[in-house]
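Structural description and commentary
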Amino acid sequence: FRLNVREQKLLKDGQPVTLTNKAYLTLLILVRRAGQIVEKEHIISEIWADCFVEESNLSQYVYLLRKILGSRPDGNPY
């Protein structure tokens with residue numbers, strides 16, 4: 001996988017992966033904070049700063065990202 005921040009695209013083996021804007025923003029936050037614990041409140045405040053959303057919205061995007069990313073070459077999930 002390669003995340004092209006300038007073009008806001010996720011590439012897998014050089015091919016674009018379709019992501020919604022919110023899924024892309026969720027992934028971007030997680031990549032930028034790789035190796036750190038990212039609290040869900042932080043992600044929600046970054047993505048939905050101007051409105052109230054249910055925690056389940058974030059859960060759906062994380063589920064979607066896990067499904068898209070699948071497993072690492074060693075078999076462990078991303």
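For the structure, check the block above.
Throughout what follows, the structure given in this document is the object of discussion.

Here is what the cut-offs are and how they apply
- Once a new chain begins, its residue numbering starts again from 1 and follows that chain's sequence as written.
- The model is predicted, so local features are restricted to residues of pLDDT at least 70 and side-chain atom pairs to those at 80 or more, both for listing and for counting; the totals for chains, interfaces and linings are taken over all residues.
- To get the side-chain values, take all heavy atoms of the structure and skip hydrogens and water.
- Labels follow the DSSP assignment, with helices taken as runs of H or I lasting at least four residues and strands as runs of E lasting at least two, numbered in each case from the N terminus.
- Any two residues having at least one pair of non-hydrogen atoms within 4.5 Å are treated as being in contact.
- What is meant by a nonpolar core is a set of buried Ala, Val, Leu, Ile, Met, Phe, Trp, Tyr and Cys residues, joined one to another through side-chain atoms within 4.5 Å.
- Each residue's exposure class comes from its accessible area (1.4 Å probe, protein chains only) as a fraction of the maximum for that residue type: buried when under 20%, exposed when over 50%, partly exposed otherwise.
- In this scheme, strands are said to pair when DSSP sees at least two bridges between them.
- Angles shown run from 0 to 180 degrees and are taken between the N-to-C directions of axes, each axis being a line fitted to C-alpha atoms and, for helices, limited to the stretch in contact.
- These descriptions rest on fixed angle ranges, namely under 35 degrees for roughly parallel, over 145 for roughly antiparallel, 65 to 115 for roughly perpendicular, and the rest for oblique.
- Handedness of each helix crossing follows the sense of rotation of the near helix against the far helix: counterclockwise by less than a right angle gives left-handed, clockwise gives right-handed.
- Throughout, the ten residues Ala, Val, Leu, Ile, Met, Phe, Trp, Tyr, Cys and Pro are labelled nonpolar, Asp, Glu, Lys and Arg are labelled charged, and all others, Gly among them, are labelled polar.

Within the secondary structure, Thr26 is located in helix α1 (residues 21-32). In contact with Thr26, not counting residues within four places along its chain, are Ile43, Ile47, Leu58, Tyr61, Val62 and Leu65.

This part takes up the nonpolar core. Within soluble globular proteins, side chains that are nonpolar generally end up buried alongside one another. By size, the foremost hydrophobic cluster in this structure holds eight residues: Ile29, Val38, Ile43, Ile44, Ile47, Trp48, Val53 and Leu58. With three residues, the single largest contributor to this core is helix α2 (residues 40-47). By size, the runner-up hydrophobic cluster in this structure holds five residues, among which are Leu10, Ala23, Leu27 and Leu65.

Take the environment of Glu7 next. Its place among the elements puts Glu7 in the loop between β1 (2-4) and β2 (9-12). Classification of Glu7 as partly exposed rests on a relative accessible area of 44%.

Here the focus is the sheet that holds β2. Read across the sheet, three strands follow the order β1-β2-β3 without closing on themselves; strand pairing throughout is antiparallel. What marks the edges here is a single partner per strand, and that holds for β1 and β3 (15-17). The sheet shows a mean angle of 40° between the axes of neighbouring strands, direction not considered. The pairing of β1 with β2 spans three bridges and is antiparallel. Residue pairing for β2: Arg2 is matched across the bridge by Leu11. Against the sheet, α1 engages β1 and β2, with an angle of about 110° to β1.

Below, the discussion takes up the pairing of β2. Counted along the chain from β1 to the antiparallel partner β2, the turn is four residues long, and its residue Gln8 has a positive phi close to 55°. Across three bridges, the pairing between β2 and β3 is antiparallel. Bridge assignment links Leu11 to a residue of β3, and that residue is Pro16. Where β2 folds back on β3, the antiparallel hairpin that results is connected by two residues, among which Asp13 adopts a positive phi of roughly 50°.

To continue, consider the packing of α1 against α2. Taken N-terminus to C-terminus, the directions of α1 and α2 make an angle of 130°; their axes are 10 Å apart at the nearest point. One way to sum up the angle between α1 and α2 is to call them oblique. Here α1 runs over α2; the crossing is right-handed. Between α1, through Lys22, Leu25, Thr26, Ile29 and Leu30, and α2, the contact on the second element is made entirely by His42, Ile43, Glu46 and Ile47. Each residue belonging to the contact of α1 with α2 can be placed in one class, and the counts come to five nonpolar, two polar and two charged.

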